[in-house]
Amino acid sequence: RSVGAAMMPPPPCLPAETPAARAVAAMAEARSSSLLVVDPGGTAIGIVTEQDVDRRLAFRVPPDTPIGSVMSAPVQGVGADEALWRAVGRMRLGRLRHLPVLDGAGRPVGMLHRFETYAAASGTLLDTLEALAAGDDEAGFARTRAAQAGLARALLADGVAAPDVIGVVSDINLDIHRLCVRRALAAMGSPPPVPFTLLVMGSAGRRESFLFPDQDNGLILGDRPDERAGEVDAWFIPFSEDLNARLAAAGFTLCKGGVMAMNPLWRKTLAEWRAQMSLWVDRRSPAALLFGDIAFDFAPAWGPEEPATALRAHLARLLAAQPVFLAALAAEDAKLGVGLSFWGGFRDDEEGPGTRTDLKLRGLMPLVSAVRLLSLQQGVAETGTRARLASLAARGTVTEREHRDLEDAFGRIVEALLRQQLGDLAAGLPATTLVDTAALPKAERAALRDGLKAVASFQKTTLAGLAGGV
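Computed from a predicted structure; not experimentally measured.

A. Molecular detail of the sheet that holds strand S2 (residues 34-38). Spatial ordering of the open sheet is given by S1-S2-S3, a layout of three strands whose pairing is mixed. Two strands close off the open sheet at either side, each with one partner strand: strand S1 (13-15) and strand S3 (44-49). With strand direction ignored, the average angle separating the axes of adjacent strands in the sheet is 35 degrees. In this sheet, S2 lies alongside S1 in parallel orientation, the contact comprising three bridges. Paired with Cys13 across the strands is Leu36, a residue of S2. Across the face of the sheet, helix H1 (residues 20-30) comes into contact with S1, S2 and S3 while running at roughly 130 degrees to S2.

This is the structure we're talking about:
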């Protein structure tokens, strides 16, 4: 949820030279517990609350004292689109009763009041939300990432569905990406020579990240004449290296495959991105298939969205013209077997006692990949698995029964994976995708088995159809 969900109208906004007596009267007339002090351009430069009136004004200064001399400054504020968890965390950490909501120019557009804002979040999450707003630097972001396990645990205990929980985790991760971009920009000391869009790919692009994702990102750079290519590279090479380093310091490990903005393969103009995707589709090499599997879930995370939209449209045209590429991807994805044995039991992917099934490799990825391929074939623009399924159902590409069964399977697989990771962390172990299916309650085990059967059936039908359609 965003700050706008809890925002109230702004309080009185007065210039700094307003006499204190008039300011107090304005608060009383508006029945407001605060007022904002603004400069001639309307930018908030200070705040006066009812506690300030009690502590600094009443019986302490002459009535004609300018309000600017007793205000609290500078103003701490948030944007209306900022995530609610960050606002609640700031209020908790700063013991703030009021938090102004400001536009991009610092002008007031609303006000957050403590109790109303807390009421907009689950009361059981307040301590977790405070931990999530641990700081506005990379060390603080890393603490935020570490606190996500507590958030996920609290949300599950609150009855939030597991796919929605990983959606919240993904949103927090995207917020941290945006904050790292801003810090990297500030560190450069000069503005970028061309506009740019940060892309996130893989699970981040689908908004389906679990607790410890690595980096999958790239940049779409604004157009520039060929003669300026060196100048543009000279700015973006150190910027992208710094950005990836900041994300790593914030807890997003560097991608072992090099799918990051600091790699020139993933940092290009829109025209260069189009040419690169065209090359992948034409050649269908193993590397091209691997890159496509990662990149085709791209989504904009910072900067103008239009380049990402244009790239998505270009990809749709490419795949419509050359369905053989999707057939090649289907052949690769057919190697992702579902985690059930020939006899219908769970596959054991680890030696030792019990049955531990890799539900990411043998449950989530077969479903995600099959849904992705069918969505790409149909020109579906969404990237999230559930959103793609909904769009496919609306088009009649999958039946309502398939939609319901696959969405249920997705939820059960995600919940089993998330609970396993939380259990691993609570036991002091590294989070894993190997789920102890033997330890699941009988009813959950049966429902998960049915879900994997639905995935296997859908995968088989989808991949055969893609291969046969060429």
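B. Just the pairing of S2, in detail. Where burial is concerned, most of S2 is hidden: five out of the five residues are buried. One crossover worth recording links S1 to the parallel S2 by way of H1, and it is right-handed. Taken together, the five bridges between S2 and S3 define a ladder with antiparallel strand orientation. Counted as the bridge partner of Ser34 is Thr49 from S3. Counting the residues that bridge the hairpin from S2 to S3 gives five residues, and of these Gly42 lies at a positive phi of roughly 90 degrees.

C. The layout of surface pockets, seen in detail. Computed from the structure, the second largest pocket encloses a volume of approximately 960 Å³. For the second largest pocket, the lining is made up of 35 residues, of which Ser203, Asp214, Asp216, Lys360 and Met365 are closest to its centre. Of all elements in the fold, only helix H8 (202-206), helix H11 (286-295), helix H13 (324-333), helix H14 (360-378) and helix H16 (400-426) reach the threshold of two or more residues within the lining of the second largest pocket. Per-element tally for the lining of the second largest pocket: the top contributor is H11, with six residues.

D. Looking closely at empty space enclosed by the protein. All chains considered together, the criterion is met by one cavity of 30 Å³ or more. Quantified by volume, the largest cavity comes out at close to 70 Å³. Along the lines of polarity and charge, the residues of the lining of the largest cavity split into four nonpolar, five polar and two charged.

E. Layout of the pattern of salt bridges. Per the stated rule, a full pass over the model turns up 17 salt bridges. One salt bridge in this structure joins Arg246 and Asp242, with 2.9 Å as the shortest N-O distance. Taken together, the positions of Arg246 and Asp242, both in helix H9 (residues 229-249) and four residues apart, correspond to about one turn of that helix. Classification of Asp242 by relative accessible area gives partly exposed; the value is 23%. A cluster of three or more residues bridged by salt bridges with shared partners is formed by Arg206, Glu208, Asp293, Asp297, Arg372 and Arg388.

F. Region of the structure containing unusual backbone geometry. A cis amide bond links Ala73 to the next residue, Pro74, at an omega of -5 degrees. Positionally, Pro74 belongs in the loop between helix H2 (50-57) and helix H3 (84-94). Its identity as a non-glycine residue notwithstanding, Arg31 has a phi of 55 degrees, on the positive side. Examined against the element boundaries, Arg31 turns out to sit in the loop between H1 and S2. Residue classification places Arg31 among the exposed positions, given a relative accessible area of 81%. In this structure, Arg207 is a non-glycine residue whose phi angle is positive, near 60 degrees. Within the element layout of this structure, Arg207 appears in the loop between H8 and strand S7 (217-221). Take Arg207: its relative accessible area is 39%, and that puts it in the partly exposed class.

G. Region of the structure containing the side chain of Ser391. Its place among the elements puts Ser391 in helix H15 (residues 385-395). Accessibility expressed as a relative area gives 15% for Ser391, which makes it buried. Once you skip the residues sitting within four places of it in the chain, Ser391 turns out to touch Val380 and Glu382.

Analysis parameters
Residues numbered from 1 in each chain as written. Predicted model: local features only at pLDDT ≥ 70, side-chain atom pairs only at ≥ 80, totals over all residues. Heavy atoms only, no water. Pairing = 2+ DSSP bridges. Helix = DSSP H or I, 4+ residues; strand = E, 2+ residues; numbered from the N terminus. Axes fitted to C-alpha atoms, helices over the stretch in contact; angles between N-to-C directions. Contact = heavy atoms within 4.5 Å. Buried < 20%, exposed > 50% of the residue type's maximum accessible area, 1.4 Å probe, protein only. Right-handed = clockwise from strand over helix to strand, strands pointing away. 1 Å grid on protein atoms, 1.4 Å probe; cavity = no way out; pocket = protein on both sides within 12 Å on 5 of 7 lines; lining within 4 Å. Points joined across faces, edges and corners; volume = space filled by probe spheres on them. Nonpolar A, V, L, I, M, F, W, Y, C, P; charged D, E, K, R; others polar. Salt bridge = Lys/Arg side-chain N within 4 Å of Asp/Glu carboxyl O.

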